[in-house]
Amino acid sequence: MTVGAGITVSNGNLVVLGNSILSDVHDNIFITPAAGDSLTDVAFIGVQSDRVGSRRVFPVGKLQGLRFMCVFRFKMWWMTQRMGSCGQDIPFETQFLIVEGQNGSHFGEGSEDGAGLSAMYVVFLPILEGDFRAVLQGNENDELEICLESGDPAVDGFEGSHLVLVAAGSNPFDVITNAVKTVEKHLQTFSHREKKKMPDMLNWFGWCTWDAFYTDVTAEGVRQGLESLEKGGIPPKFVIIDDGWQSVGMDPTGIEFIADNTANFASRLTHIKENHKFQKNGKEGHRAEDPAMGLGHVVAEIKEKHYLKYVYVWHAITGYWGGVRPGITEMEHYESKMAYPISSPGVNSNEPCDALTSITTNGLGLVNPENVFSFYNELHSYLASAGIDGVKVDVQNILETLGAGHGGRVKLAQKYHKALEASISRNFPDNGIISCMSHNTDGLYSAKRSAVIRASDDFWPRDPASHTIHIASVAYNTIFLGEFMQPDWDMFHSLHPMAEYHGAARAVGGCAIYVSDKPGHHDFNLLKKLVLSDGSILRAKLPGRPTRDCLFSDPARDGRSLLKIWNLNDFSGVVGVFNCQGAGWCRVGKKNLIHDEQPGTITGVIKAKDVDYLPRVADDEWNGDAIVYSHLGGEVVYLPKNASVPITLKSREYEVFTVVPVKTLSNGTTFAPIGLLKMFNSGGAIKELKYELERNATVGMKVRGSGTFGFYSSSRPKRIVIVDTEEMKFEYEEGSGLTTIELRTPEEEMYLWNITIEL
């Protein structure tokens, strides 16, 4: 027997808190307890071997008859989810696995009435060890396997004692957080999201140039996009100038990649400064050396004219898709050399990628890792001098294919990320970085500062299969990614058949909200559900994640499950519900496919417990009763503790619920503040809430925004006062208890209305 506190290998079984999770465990598998007195339910899986080889696969034991959810890389850059109940269902490149050790459908409360056991969740995290990276996969014998690789044939010696962390407990979200924090303490190469500085751009509405212009973006196009949104009364406060602003070119012998709405992956960076499209009176082939004629003049103009707070620009982690061209006089000191990507067998077994194929064919000009800080710092200091506030750093996973000759993929990633974060820290004080195409653990476990990460493959406006897939993927990926950074659920088009569906998801995601509309192509009524008049947003407090009862069901494929995504505000919860059925990533076709052209109507339920951490924002006396307000339905429902309300959605429909703990006041009145009723995330508007502070049966609130503000009260309010003295007219519905007032548009940015309610 080998023991790791509540986790043991005993009689050929991996036993976790008394439950057998894996059977027929191989004799060379051993358990090492995690360091720390309090970590009784956390341990590491190790493997005894000859410890030689740059890529090894070790079977651990059989997983059979237990539901699981994993996130895996379906292509080089991105993860998505898969559910199953046996080892052979676990795909290559699985980077996170959660197994249901005991049925969690009662949310751990079955024992109260004797109806069942409390829930138990087991998390497996394959991690980094030295110069090696571990990942999980299954085999045809239902065995869970550990794949260990360095990415460099010359790096072939490993320890093998701390390859996978296993953690268990009754709350899945707490187990995951504790597991990642234990790995953080063990590796000391990355930081948990809670320790990171979040860039302020997350709190404002933005616009990205990508789906509006692709690489044809120009300075004039940027102006047009900002003006178009501003004219509609929805002013962006940040802009991301995506791919298309840099000085790039192909090698004379390069093989051009030609496709609609994408970059030429064969191009390389030829200068750190902008191309002619972003120079004043710029001409192709001519460079203006005067800084006043460069990018700075564009940034200064759009910031001043459009009251922008932040301007970000795009670049690849290697400079451009094809890297930095060797032999360019101005960039010789970076010592860029041609390298040819070699991707791992696990990646090769999943979806092929045109970008990777092109880069592999044409090679990549890789900056010498010893000089990469100099490269980043010179690029970023130039951008900062031009008024740029941050960067979207793309194509990050390409580094894992370039480890040969550099000590392996992990060492190369750590050198690049350390240099990148040092440069960001020096040049962009608001921690201005968005990580993109970066879903590998080489990078995640090497990120000490980076705080925002794209959560899934792109928003594809013209791919009908992609939209439901996108919402499911961002939600399930966030279960894992949200422990490292705030996931970014990507831009979308506000004028699109699926725009409301996408917008509602962003509202519950806790993420940045930004669109990539073409100038003149906007739905301002939709945007007004997301953006206040001052350009700020009602951002929820956490990364949005699927509810507990959705963890192991498959809302994209099983034909019967809705996807519910929960989040918290300061004094309420929010749950977005989506019918995502009908499309998914096909393991046979290796691509996104519609597998059901007409998925059916599905009915589910909403409970206060769907907001997992709702007790954290309720007071100590909360009895479990809640008010639920439906955004589309406009209904107020009083839910006693453990009661539920049904929700029925057709294919591609959604609903958003605000869930508010009920407070009983001293005079017996029950009360719950809902928020701005016309916003998706109504409760995000309430920033302060005080009950009976100065006298009995009064409620004081500070509220952001304008429009219809609502709350529940079991009795008709006596009066409502705003800004200390102004008595407000209000409407009261006797049947539902919904009370509404109209807040005018404030003149000040981020203004807080002071509201007092006498009951």
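What you see is a predicted model, and the numbers here were worked out from it, not measured in a lab.

1. Structural notes on the side chain of N371
If you trace the backbone, N371 turns up in the loop between β22 (364-366) and α7 (372-385). Looking at N371, the relative accessible area reads 17%, which means it is buried. A polar side-chain atom of N371 sits 3.2 Å from the main-chain carbonyl oxygen of H333. Once you skip the residues sitting within four places of it in the chain, N371 turns out to touch H333, Y334 and E335.

2. Thoughts on the confidence of the model for the chain
Note that predicted coordinates carrying low pLDDT should not be read in detail. Averaged over the chain, the pLDDT score is 95; the fraction of residues at 70 or greater is 97%. Scored below 50 in pLDDT, residues 105-116 makes 12 contacts in the model with residues more than four places away or belonging to other chains.

3. Structural notes on the sheet that holds strand β28 (residues 545-546)
Pairing in this open sheet of 6 strands is antiparallel, and the strands run β28-β29-β30-β37-β34-β35 from one edge to the other. Among the strands making up the open sheet, the edge pair consists of β28 and β35 (636-639). With 6 bridges joining them, strand β30 (residues 573-578) and strand β37 (residues 654-661) adopt antiparallel strand pairing. Looking at β37, one finds that F578 is bridged to Y654.

4. Remarks on the packing of aromatic side chains
Remark: the centre distance and the inter-plane angle together describe each pair of aromatic rings, the angle taken between the planes. Applying the stated rule across the entire model yields 28 aromatic pairs. On the basis of an interplanar angle of 85° and a centroid distance of 6.2 Å, the ring pair of Y376 and Y416 is categorised as edge-to-face. With Y376 in helix α7 and Y416 in helix α8 (residues 409-427), the pair connects residues that are 40 residues apart, well separated along the chain. Residue Y376 is classed as buried on the basis of its relative accessible area of 0%. The exposure class assigned to Y416 is buried, which follows from its relative accessible area of 1%.

5. Here's the deal with α7
Across its 14 residues, α7 extends 20 Å between first and last C-alpha, which sits within 8% of the 20 Å expected from 1.5 Å per residue. Among all positions in α7, only V372, F375, Y376, N377, L379, H380, Y382 and L383 are buried. In this structure, the buried side of α7 is in contact with β19 (268-274), α4 (295-306), β20 (310-316), β23 (390-394) and α8. Residue G387 follows α7 closely and has a positive phi angle near 95°.

Here is what the cut-offs are and how they apply
- Each residue is numbered by its place in its chain's sequence as written, counting from 1.
- Confidence filtering applies because this is a predicted model: local features only for residues at pLDDT of at least 70, side-chain atom pairs given and counted only at 80 or more, and all residues used for totals across whole chains, interfaces and linings.
- Side-chain descriptors were evaluated using all non-hydrogen atoms of the structure, hydrogens and water having been removed beforehand.
- Segments assigned H or I by DSSP are reported as helices when at least four residues long, segments assigned E as strands when at least two residues long, and all are numbered from the N terminus.
- Partly exposed residues are those whose accessible area sits between 20% and 50% of the maximum for their type, while under 20% is buried and over 50% is exposed, using a 1.4 Å probe and protein chains only.
- We define a polar contact as two N or O atoms separated by no more than 3.5 Å, with the added condition that, inside protein, one atom must be a possible hydrogen donor and the other a possible acceptor, whereas residues neighbouring each other in sequence contribute only through side-chain atom pairs.
- Contacts: residue pairs with any heavy atoms within 4.5 Å of one another.
- Scored from 0 to 100, pLDDT records how confident the predictor is in each individual residue.
- Following DSSP output, two strands are said to pair if at least two bridges run between them.
- Stacked, tilted and edge-to-face pairs are distinguished by plane angle, under 30 degrees for stacked and over 60 for edge-to-face with tilted covering the rest, among Phe, Tyr and Trp rings (Trp via its six-membered ring) whose centres lie within 6.5 Å.
- What a helix is expected to span follows from its residue count: subtract one and scale by 1.5 Å.

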